[in-house]
Amino acid sequence: MIRPMEIGVFIHSTGIECPFESIKTIGEWGFRCTQLGVVPPDFYTDDNAKLTLDAMRDTGVESVGFFVGFPGESYASMDDVGKTVGFAFPDKLQERMDIMRPAIDFASKCRQPGVLVHMGFLPDDQSSPIYKQMYDAMCTCADECRKHKMFMGLETGQEQADHLAAFLRSLGRDNVYINFDPANLILYGKDKPVDAFRRIGQHVISCHAKDGIWPTVDGQLGSEVPVGQGQVTFPDFVAALKELRFKGPIVIEREAGDTRKEDIFAARELLEKLIWG
């Protein structure tokens, strides 16, 4: 059983390609929770679902959500994200919806509570055809998740926090929530994470612990750094979580660097002090 504000590690943050070995490592590092996902579509087999369940059972690691990514996505630059990530592209939409359905089914077989995605850049103009396309896609995905008694999680980053929350509310689905990544709001130059959480925290089901530095050049991404070394200001962020009585998991995500294990352990130590004193 995952306790409130349980500290976990995102499965790819270990730097280990094999998901089963990564789960094993997360358990050996003393963590009890993770977020699964970002595997190729051909991974969605019954055999791999069983192996995933076996790995979690053997290690005592529980997953708090399954993150879906798509072939061809790139987070290398702001331009790459805008051209490749999510559901904003008419020519890629059917292919990605055809991936979402087996991904959701696979997540259900792995006994996941929910499925999470990066939706892509949401247009400000609600009359935009792309806005409607993304709206319809997220409604369909949320309804598919509901069939499996799962939530749908939209990750922060590519839009200002209030815009994402308003979009979520407009969907009219009570199983759609936010996976709050404070660093993404900084990396994309979109919002101040502590203020943003206070504004939309009632919609948040899980958080990432990731840190970053604001972009220094317009149109470019900021830089990800180890937790505690960037501009999230984790003492203030954890205080905001406590103020809003956040009960979900806090999943450490480290996307770069050659000292991931050390960075993850340092992040855990900092978070433990901030959460429990």
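Our subject is the structure listed above.
So, here's what we can say about the structure. (Residues numbered from 1 in each chain as written. Predicted model: local features only at pLDDT ≥ 70, side-chain atom pairs only at ≥ 80, totals over all residues. Heavy atoms only, no water.)

1. Some remarks on helix α9 (residues 234–243)
Residues of α9 that are buried include every one of F234, F237, V238, A240 and L241, and no others. Down the axis of α9, the buried side of the element spans an arc of 155°, and every buried residue falls inside it. In the segment just after α9, R245 is the residue with positive phi, at about 55°. (Buried < 20%, exposed > 50% of the residue type's maximum accessible area, 1.4 Å probe, protein only. Helix = DSSP H or I, 4+ residues; strand = E, 2+ residues; numbered from the N terminus. Arc of directions from axis to C-beta.)

2. Re the pairing of strand β1 (residues 7–10)
As defined by bridge partners, β1 adjoins strand β10 (residues 250–252) across three bridges and the pair is classed as parallel. Looking at β10, one finds that I7 is bridged to I250. Read from β1 through helix α1 (residues 19–28) to strand β2 (residues 33–37), the crossover connection turns out right-handed. (Pairing = 2+ DSSP bridges. Right-handed = clockwise from strand over helix to strand, strands pointing away.)

3. Quick word on unusual backbone geometry
If you check the backbone angles, R111 has positive phi at about 60° while not being a glycine. With respect to the helices and strands, the residue R111 is situated in the loop between α4 (90–109) and β4 (114–117). On the accessibility criterion, R111 (68% relative accessible area) is exposed. Even without glycine at this site, T233 takes up a positive phi of about 55°. Structurally, T233 is set in the loop between β9 (223–225) and α9.

4. What to know about the environment of D211
Its location among the elements puts D211 in strand β8 (residues 211–213). In this structure the C-alpha to C-alpha distance between D211 and K242, which are 31 residues apart in sequence, comes to 19 Å. Setting aside its immediate chain neighbours within four residues, D211 contacts A183, S223, E224, V225, P226, V227, G228, Q229, G230, Q231, V232 and F234. A polar contact of 2.8 Å, which involves the side chain of D211, links it to the backbone nitrogen of G228. Reaching out from D211, the side chain makes a polar contact with the backbone nitrogen of G230 at a distance of 2.9 Å. (Contact = heavy atoms within 4.5 Å. Polar contact = N/O pair within 3.5 Å; in protein donor to acceptor, adjacent residues only side chain to side chain.)

5. Notes on the packing of α9 against helix α10 (residues 260–276)
Remark: α9 packs on α10, axes separated minimally by 10 Å, with the N-to-C direction vectors making an angle of 45°. With respect to α10, the axis of α9 lies oblique. With respect to the hand of their crossing, α9 and α10 are arranged in right-handed fashion. Contacts from F234, P235, V238 and K242 in α9 reach L270, L271, L274 and I275 in α10. Its residues assigned to classes, the contact of α9 with α10 comprises seven nonpolar, no polar and one charged. (Axes fitted to C-alpha atoms, helices over the stretch in contact; angles between N-to-C directions. Parallel < 35°, antiparallel > 145°, perpendicular 65-115°, else oblique. Left-handed = near helix turned anticlockwise from the far one by under 90°. Nonpolar A, V, L, I, M, F, W, Y, C, P; charged D, E, K, R; others polar.)

6. Quick word on the packing of aromatic side chains
Each aromatic ring pair is specified by the distance between its two centres and by the angle formed by the two planes. Evaluated as defined, the whole model comprises 17 aromatic pairs. Arranged with centres 5.3 Å apart and planes meeting at 90°, the rings of F180 and F197 form a pair that is edge-to-face. Here F180, found in strand β6 (residues 176–180), pairs with F197, found in helix α8 (residues 193–200); they are 17 residues apart in sequence, far enough to count as distant. The buried category is assigned to F197, whose relative accessible area is 0%. A connected cluster of aromatic rings, assembled from ring pairs, spans F20, F43, Y44, F66 and F106. (Phe/Tyr/Trp six-rings, centres within 6.5 Å; stacked < 30°, edge-to-face > 60°.)

This is a description of form; function is not addressed.
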